[in-house]
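Below, each chain spelled out in residue letters.
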Amino acid sequence: MKPTKEAVRLLFEGSKTFADMEAAGIKINVEKLKGNIAQAESEIVILEQELRKDSIWHAWKRKYADTAKLGSREQLGSMLFEDMGLPCYERTETGLPSADATALAKTGLPFCAKYVELEHLRKTCNTFLKGILHALDPEGYLHPFFHLHKAVSYRSSSSGPNFQNFPARNPKMAKMIRECFIPRPGRRFAEIDFSGAEVKVSCCYHKDPRMIDEFTSPGKDPHRDKAAELFFY
């Protein structure tokens, strides 16, 4: 299917708007950013010390000796689900016990809870906070790139750093990153939630009267109704 003139114009105008956003940049509270990096690094040291005092780490060291590495998920999975005999609910593609955050949470062990927190802190500090710091211009503005031509779905994407991929599910980590962003003088941040935007826009294409009615009639909620149908409510 050939692209229409309207679609090409949309992509060009959207890309130009994104270019304007990149040039304008986003103001960062550099002092707060550096403070959060220092805080994260301090908490990382404390968590590492606490983990190394745990009996699980002592057994880990005995097993792997000089090759024991606290950051090795493979070694941790072997310790928990093979040596300690804990139930293993998931394995990697190579057949090894999975030691991802979900698997570790299911163990209920304080050691694993601290381990997951440590991994989250490391990524927040090294990937996100330091990533922002290294990308700042001399005036303290961040200029991430925004793209309209990379995703097959034509959804926007971002890089340098990936502004659209900062963590949100972990409240502590999200706060450490988001509180570093500040509005320009005389401005304020606002949030807009395009609830169900993709499926609603599709109505403009297929013009299904039932779906349009579901989304436009007061009191109707197709997501709620489908959930009720699935659970025989």
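Just so you know, the residues in each chain are numbered from 1, in the order the chain's sequence is written. The model is predicted, so local features are restricted to residues of pLDDT at least 70 and side-chain atom pairs to those at 80 or more, both for listing and for counting; the totals for chains, interfaces and linings are taken over all residues. As a convention, hydrogens and water are excluded, and side-chain values are obtained from all of the structure's heavy atoms.

Draft legend 1. Focus on the overall build of the protein chain. Counting its regular elements, the protein chain contains ten helices and four strands. Every helix listed is a DSSP run of H or I at least four residues long, and every strand listed is a run of E at least two residues long, numbered separately from the N terminus. N-terminal to C-terminal, the α/β element order of the protein chain is α-β-α-α-α-α-α-β-β-β-α-α-α-α. The C-alpha atoms of the protein chain give a radius of gyration of 24 Å, which is well past the 17 Å a tight globule of 233 residues would have. For the protein chain, the spread of C-alpha atoms along the three principal axes comes to 65 × 60 × 35 Å. When each of the 233 residues of the protein chain is scored for burial, the buried share is 28%. Accessible surface for the protein chain amounts to roughly 16,200 Å². Of this, 57% is attributable to carbon and sulfur atoms. The positive charge centre, built from 35 side chains, and the negative charge centre, built from 31, are 2 Å apart in the protein chain. Just to be clear, the radius of gyration here is over C-alpha atoms, and the globule rule we use is 2.2 Å times residues to the power 0.38. Per-residue accessibility, obtained with a 1.4 Å probe over protein chains only, is compared with the maximum for each type, and a residue is labelled buried under 20%, exposed over 50%, and partly exposed between these values. Areas reported here follow the Shrake-Rupley algorithm with a probe of radius 1.4 Å; residue values treat only the protein chains shown as occluding. When charges are counted, Lys and Arg contribute as positive and Asp and Glu as negative, whereas His and the chain ends are disregarded. Positions of charges follow a simple convention, taking NZ of Lys, CZ of Arg, CG of Asp or CD of Glu.

Draft legend 2. Structural detail: the nonpolar core. By size, the foremost hydrophobic cluster in this structure holds 39 residues, and its most contacted members are W60, F111 and I132. Those elements that provide at least two residues to this core are α2 (30–53), α3 (55–64), α4 (73–83), α5 (101–107), α6 (110–135) and α7 (171–178). Of the residues forming this core, the biggest block, ten residues, is contributed by α6. Residues belong to one nonpolar core when they are buried, are Ala, Val, Leu, Ile, Met, Phe, Trp, Tyr or Cys, and are joined through side-chain atoms within 4.5 Å.

Draft legend 3. A look at the side chain of Q75. Here Q75 lies in helix α4. The class for Q75 is buried, based on a relative accessible area of 11%. Side-chain atoms alone can form a polar contact between residues adjacent in sequence; in general such a contact is a pair of N or O atoms within 3.5 Å, and within protein one must be able to donate a hydrogen while the other accepts it. Only 3.0 Å separates the side chain of Q75 from the backbone oxygen of T67, close enough to count as a polar contact. Every residue pair with non-hydrogen atoms within 4.5 Å of one another is taken to be in contact. Excluding residues that lie within four positions of it along the chain, Q75 makes contacts with W60, Y64, T67, A68 and K69.

Draft legend 4. Focus on the packing of aromatic side chains. In this scheme Phe, Tyr and Trp rings, the latter by its six-membered ring, pair at centre separations within 6.5 Å, and the angle between planes marks the pair as stacked below 30 degrees, edge-to-face above 60, and tilted otherwise. The tally for this structure, following the rule as stated, stands at nine aromatic pairs. On the numbers, 6.0 Å between centres and 80° between planes, the contact of F146 with F163 is edge-to-face. A residue pair is termed long-range when its members are at least 10 positions apart, and F146 in strand β3 (residues 145–147) and F163 in the loop between β4 (157–159) and α7 qualify at 17 residues. Taking relative accessible area as the criterion, F163 reaches 28% and is therefore assigned partly exposed. Through pairs of rings, three or more aromatic residues link up here, namely F18, F128, F146, F163, F166 and F181.

Draft legend 5. Examining the pattern of salt bridges more closely. The rule for a salt bridge is simple: a side-chain nitrogen of Lys or Arg has to be within 4 Å of a carboxyl oxygen of Asp or Glu. Under the counting rule described, the total for this entry stands at 14 salt bridges. A salt bridge links D20 to K16, with the nearest nitrogen and oxygen atoms 3.4 Å apart. In this pair, D20 and K16 both sit in helix α1 (residues 5–24), four residues apart, roughly one turn of the helix. Taking the relative accessible area as the measure of exposure, D20 reaches 45% and is therefore partly exposed. The salt bridge involving E43 is made with K172; its shortest N-O contact spans 2.6 Å. With E43 in helix α2 and K172 in helix α7, this residue pair connects regions lying 129 residues apart in the sequence. One network of salt bridges, in which partners are shared, links E48, R73, E119 and R122.

Remember, this is a structural readout, not a statement about activity or role.
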